[in-house]
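# A closer look at the structure
As a plain string of letters, each chain reads:
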Amino acid sequence: ARDVLMASPTVPTFEKATMQPQLQRHHPSPSMRKLPARKRSEIRSICVQQRETSPDALNKALAAAEERYLQMICERPTQALRKSQSMPQAPHHGNAHFSSSETPERLTTREDAIAILSQVRWFHTLPEKALNALCDRARWVCVQRYTTVFREGTVGRRFYVVLRGKLHMTSLLNQIDTNLGPGSSFGEAALVLPSDSRQAVVTALEPCELLAFSLEDVKTAGVHLEELNAHIIKELLSNHPFFCSFAQADLEQLGWLMQLQVFRPKEVLFEEGDAGDRFYIVMKGCVQMLQRRAGGSGDLLLATYSARDRVQQAACPWFGEMAMHCKQSRNATALCIEPTKLLIVLESALASFMKLVPRFEEMLETKLQAVASLNEIAQSASASARESFFTLSIRSRGEKDFRHVRTT
């Protein structure tokens, strides 16, 4: 029972297949033979999208999925690994190909695969020799109908190119709903941010052939990722409350100016007293600004920047720009309290950023004026406190004697 729970009660995705333990053959109980309710709902929704709403078509799809699920929990993974070793793979990769217990026949030739790779946006400038090397390093993935390639929220490690078949990509949270056919690619964020989570779920609508690439595969083939990085940043900005109204040309230029980085929980962006040479925009997660209290009695929470606060993101999405503009050290410590995705603008790109985002300079001037006003109030209050006197009234010999004591 422990091994079955470790193997996951749902149909495994290809990105999790190689992480499953080596199970011995067992005989599941009747309750375990039933397909999970979540998977049945997914198959029903796909059938509706394909206009296959007849009871026969739905029952046939459910029966096929249930048969694959039963075979998955009964068969030993070593059998699937032995089958995958018969598929072509790069000689310097020890990992087996991702494959299900019933792998569809590979129909795409090597020449057709190279022709499709040459049309992919990130590979079209590569010479023929580099395309051949890229095809050699690729993992050939064959999936059956209704198979999930990866789920939303899982860590992405591979980039996929569709050679044959049709897939469906969807996400309610990120408002994604599109179909992918031959020549399409998906999962490219894994090449820029290997530790980032997937933003959608991808399911095969029919038997498909895919090529899967890791970051090492792409770098070895000589692919330059700067254009891909700029494209991903542009897509992120187009869904941001502040930048969504910008022209596409401006978003493309902003994509080349910024850096994209993922931080773990409790990771520090900068310490109080560090030099301010960049500012940040929160795309995902949450960052807290903390200041040390006098006497070492803990930290004072100054501000919180969260991607879930749409009002704050639409009004002023960045932080850390004051220290960079004023050439001052940081007056607080920035701490990530959950997995956080940030866009970073360096000081060298500030002038170009201000040209593309005119409101940035206006908002910066407003902040500077507000800070100056607060400093004046604080200085006047401090001066009044220093010049104040505390009067003690002492009655002596029936007369009033006033003694003035200066307070600090």
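Summarised in this report is the structure supplied together with it.

The rules behind each value
Residues numbered from 1 in each chain as written. Predicted model: local features only at pLDDT ≥ 70, side-chain atom pairs only at ≥ 80, totals over all residues. Heavy atoms only, no water. Helix = DSSP H or I, 4+ residues; strand = E, 2+ residues; numbered from the N terminus. Pairing = 2+ DSSP bridges. Buried < 20%, exposed > 50% of the residue type's maximum accessible area, 1.4 Å probe, protein only. Arc of directions from axis to C-beta. Contact = heavy atoms within 4.5 Å. Axes fitted to C-alpha atoms, helices over the stretch in contact; angles between N-to-C directions. Parallel < 35°, antiparallel > 145°, perpendicular 65-115°, else oblique. Left-handed = near helix turned anticlockwise from the far one by under 90°. Nonpolar A, V, L, I, M, F, W, Y, C, P; charged D, E, K, R; others polar. Core = buried A, V, L, I, M, F, W, Y, C linked by side-chain atoms within 4.5 Å.

To continue, consider the environment of Leu205. Within the fold, Leu205 resides in the loop between strand 7 (201-204) and strand 8 (208-213). Taking C-alpha positions, Leu205 is 5.6 Å from Lys166, a pair spaced 39 residues apart along the chain.

A separate point is the pairing of strand 12 (residues 286-292). One ladder, built from seven bridges, connects strand 12 with strand 13 (residues 299-306); its direction is antiparallel. Counted as the bridge partner of Gln291 is Leu300 from strand 13.

Further remarks concern helix 6 (residues 110-117). If you check which residues of helix 6 are buried, you get Ala113, Ile114, Ile116 and Leu117. All buried residues of helix 6 project into a common sector of 160 degrees when viewed along the axis, lining one side. In the core, the buried residues of helix 6 are packed alongside helix 7 (128-137), strand 1 (139-143), strand 3 (159-164) and strand 8.

Between helix 10 (residues 226-238) and helix 11 (residues 248-257), the least distance of the axes is 8 Å, while the angle of their chain directions is 125 degrees. Taken together, the axis directions place helix 10 and helix 11 in an arrangement best described as oblique. Like other packed secondary-structure pairs, helix 10 and helix 11 cross with a definite hand, here right-handed. Packed against helix 10, whose contacting residues are Glu226, Glu227, Ala230, Ile233, Lys234, Leu237 and Ser238, the element helix 11 presents Gln248, Leu251, Glu252, Leu254, Gly255 and Trp256 at the interface. The residue inventory of the contact of helix 10 with helix 11, partitioned by class, reads six nonpolar, three polar and four charged.

Our next topic: the nonpolar core. In this structure, Phe123, Phe213, Phe243, Leu254, Trp318, Phe353 and Val357 are the most contacted members of the largest nonpolar core, which totals 54 residues. Aside from chain neighbours lying at most four places away, what touches Val357 is Phe242, Phe243, Phe246, Leu254 and Trp318. Listed in part, the 16 residues of the second largest apolar core include Val141, Met169, Ala204 and Cys208.

The antiparallel open sheet is built from four strands, whose spatial order is 1-8-3-6. Taken across any chain shown, the strands that pair with only one partner, and hence form the sheet edges, are strand 1 and strand 6 (185-186). Both strand 1 and strand 8 contribute to a ladder of five bridges, which runs antiparallel. When the sheet's bridge partners are listed, Trp140 is paired in strand 8 with Leu211. Across the sheet, helix 6 is in contact with strand 1, strand 3 and strand 8; its angle to strand 3 comes to roughly 125 degrees.

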